[in-house]
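Next come the chains, spelled out residue by residue.
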Amino acid sequence: MTYRSDHDRQSIGGDGKKDIWLSMLDEVSSGKRLPEKNLLILGGTPESQIEFLESLSHDPTSRRRPLDRSRDPMPPIANRFALGYTYQDVIDADQEDTLARLSLYLLSDPSPSFAPLLKPLLTPRSLPNMLVVILLDWSRPWSWLRQLQEWMRTLRTLVVSLDDECKEVIEANIIHRRERGRSGAADGIQSTADASIAIPLGSGEWDEPLGVPLCVVCQNADKIESLERERGWKEEKFDFVLQYMRTVLLKHGASLIYTMPSAPGSLQTLIYSALDIELSPERKSLKHNVIDRDRVLVPPNWDSWGKIRVLREGFDVEGVSKAWSMEIQPTRATEISEGVTDGEQNDPVVYAHGVDSKDKEGSAVAIYEDTIRDPDRDSSLAQALRLKNPGIEVETMDNQKFLAEQLERLESYRAEDEAEKKGREARRAASGSSSLYSGLVEESGRTVHDYIGPVHFNIGGIQVDADDELKRLKDRAARRTPELEATPTSPGQMDNEKLASFFAGLMKKTGGSASNSPRS
């Protein structure tokens with residue numbers, strides 16, 4: 001008995017203290033254990049995905065100086081090949097504590113070959129803490145609906161291929177997300193008075209739930225101005241794009257936001273609230289915006305057909321909603337690549353809706369692309385039609401080809417000029433003419449005036465026409481020519497006559513002077 005009592009006292013004094021410390025350490029470690037959230041980022045390019053991550057880490061409500069990245073650098077981002085990965089820590093507004101850790105998975109290509117990489121990420125533990133983000137870019141708004149169609153088919157096929165335990169979690173997640181924020185309060189905040197009052201679902205809402213919250217981010221909204229200036233877009237087109245996107249996303253209970261690199265807006269608040277991350281009161285509120293075309297924000301469970309129709313009349317909300325339900329049915333190739341081998345999948349009726357939208361007139365994608373047309377595709381079609389039915393348009397020649405043809409022409413002209421010049425010189429040598437006028441007058445009868453126009457020069461302040469002077473010299477030479485021909489004389493005879501006339505003159509002058517001299 002004495003031994004036991006001493007042993008008990010020793011155990012109380014030694015092991016008891018260890019148990020107390022272990023329990024305290026377990027409580028502290030469990031209290032500091034970070035909530036793990038998963039963010040699945042689909043679409044975009046590696047560069048646009050990095051841009052999205054930078055916008056996500058930016059807190060517009062924080063008044064403190066940003067973190068020093070030299071001392072606390074961002075984790076590396078591996079998104080160049082297939083499925084990429086990185087992580088981020090969610091910091092509170094004062095940057096004094098870490099609220100959660102985000103595991104970020106990135107996939108750019110919607111090819112069915114890469115889709116099996118996503119299936120291991122969908123587990124009963126990760127599904128309640130997961131958000132899917134699809135990135136679109138305002139540089140190519142005409143491809144938005146086709147990209148959404150490909151990603152939705154891939155995600156729906158993945159959900160169908162999950163086991164029963166995951167499907168139960170998905171059903172519970174759908175009920176939780178569908179009722180969330182439908183009591184008239186802000187997203188993620190339910191008032192005590194109206195918590196038991198649920199607003200019924202409207203037409204077209206949650207018709208095609210994924211089981212995982214979805215957010216569509218349209219990046220580079222600053223390019224809206226270039227579309228208006230360079231492509232000639234009007235307000236009708238921008239409203240059409242917004243109405244179409246809202247109608248499609250309403251069926252999945254998804255949210256929509258337009259962002260710019262310089263102004264991410266409420267992106268961080270939207271993402272964190274969808275992941276149930278505790279935020280400060282000033283960051284909890286999400287204010288919808290469908291008026292500013294470059295700052296659109298549609299929170300989940302806020303939109304409806306009535307609000308979509310108000311934006312612009314004439315939009316067929318019901319028709320687009322029904323057509324979209326047919327568009328997102330998985331194709332046969334997607335089902336096989338995902339490994340779905342249920343017996344009912346072999347039914348041809350199941351795959352009747354999986355026909356590519358390019359072959360179906362009146363489909364949701366076809367209607368969208370008929371209105372929001374791809375300028376590159378239109379230019380190629382116009383070129384094909386121009387070749388088939390040539391009109392007044394003239395196709396320009398390549399610069400190098402044009403210059404080569406001009407060089408050949410100049411060489412031929414120079415050869416002709418040299419040949420003509422040699423011919424004139426040969427004719428002049430044969431005729432023996434060396435006068436100035438004969439050099440100026442060509443054999444073809446053309447003068448210098450025909451090439452360079454009239455020539456004037458100044459003599460004593462008087463403008464003299466060279467053509468007139470040349471004509472005057474020509475006439476004077478013509479008048480002298482007959483006189484010379486009428487009295488031909490030899491050079492010797494001409495000299496004798498000149499001497500005789502010279503001496504006769506002297507004699508006359510001498511005789512005159514002698515007779516007129518005074519007498520002495």
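So, a few notes on the structure that sits alongside this text. (Residues numbered from 1 in each chain as written. Predicted model: local features only at pLDDT ≥ 70, side-chain atom pairs only at ≥ 80, totals over all residues. Heavy atoms only, no water.)

## A closer look at helix α4 (residues 144–160)
Then step 1. Taking 1.5 Å as the rise per residue, α4 with 17 residues should run 24 Å; its terminal C-alpha atoms sit 24 Å apart, in good agreement.
Then step 2. The element α4 is extensively covered by neighbouring structure, given that 13 of its 17 residues are classed as buried. (Helix = DSSP H or I, 4+ residues; strand = E, 2+ residues; numbered from the N terminus. Expected span 1.5 Å × (residues − 1). Buried < 20%, exposed > 50% of the residue type's maximum accessible area, 1.4 Å probe, protein only.)

## Focus: unusual backbone geometry
In terms of backbone geometry, most residues other than glycine have negative phi values and most peptide bonds are trans.
Then step 1. Its identity is not glycine, yet D276 carries a phi of approximately 60°, on the positive side.
Then step 2. Counting through the fold element by element, D276 comes out in the loop between α8 (267–274) and α9 (281–284).
Then step 3. D276 gets classed as partly exposed once you look at its relative accessible area, which sits at 36%.

## Here we look at empty space enclosed by the protein
Then step 1. Inspection of the entire model under this criterion finds 5 cavities of 30 Å³ or more.
Then step 2. Space inside the largest cavity adds up to approximately 160 Å³.
Then step 3. If you go around the largest cavity, you meet 16 residues; those closest to its centre are R177, P213, G253, A274 and P300.
Then step 4. Listing elements by their share of the lining of the largest cavity, those giving two or more residues are β5 (214–219) and α8. (1 Å grid on protein atoms, 1.4 Å probe; cavity = no way out; pocket = protein on both sides within 12 Å on 5 of 7 lines; lining within 4 Å. Points joined across faces, edges and corners; volume = space filled by probe spheres on them.)

## What to know about the pairing of strand β6 (residues 255–258)
Two faces make up the sheet, and in a regular strand the side chains alternate between them.
Then step 1. Burial of β6 is two-sided: the residues S255 and I257 facing one way and the residues L256 and Y258 facing the other way are all buried.
Then step 2. Bridging between β5 and β6 involves 4 bridges; their strand directions are parallel. Residue pairing for β6: V217 is matched across the bridge by I257.
Then step 3. Of the pairings in the sheet, the one linking β6 to strand β7 (residues 297–298) comprises 2 bridges and is antiparallel in character. Considered in β7, the bridge of L256 is made with V298. (Pairing = 2+ DSSP bridges.)

## As for the environment of V159
Then step 1. Mapped onto the elements, V159 comes out in helix α4.
Then step 2. For V159 and L210, which are 51 residues apart along the polypeptide, the C-alpha to C-alpha distance reads 7.4 Å.
Then step 3. Excluding residues that lie within four positions of it along the chain, V159 makes contacts with K167, I170 and L210. (Contact = heavy atoms within 4.5 Å.)

## Let's talk about helix α11 (residues 317–327)
Then step 1. Among the residues of α11, those classed as buried are V317, V320, S321, A323, W324, S325 and E327.
Then step 2. On the buried face of α11, the contacting elements are α4, α7 (235–250), α10 (305–311) and α13 (364–371).
Then step 3. Two or three places before G319, at the opening of α11, D316 has a side-chain oxygen 3.0 Å from that residue's backbone nitrogen. (Polar contact = N/O pair within 3.5 Å; in protein donor to acceptor, adjacent residues only side chain to side chain.)

## Observations regarding the nonpolar core
Then step 1. Grouped together as the largest cluster of nonpolar side chains are 63 residues, with contacts concentrated most on W138, L256 and Y258.
Then step 2. Listed in part, the 26 residues of the second largest apolar core include L102, L106, L135 and L279. (Core = buried A, V, L, I, M, F, W, Y, C linked by side-chain atoms within 4.5 Å.)

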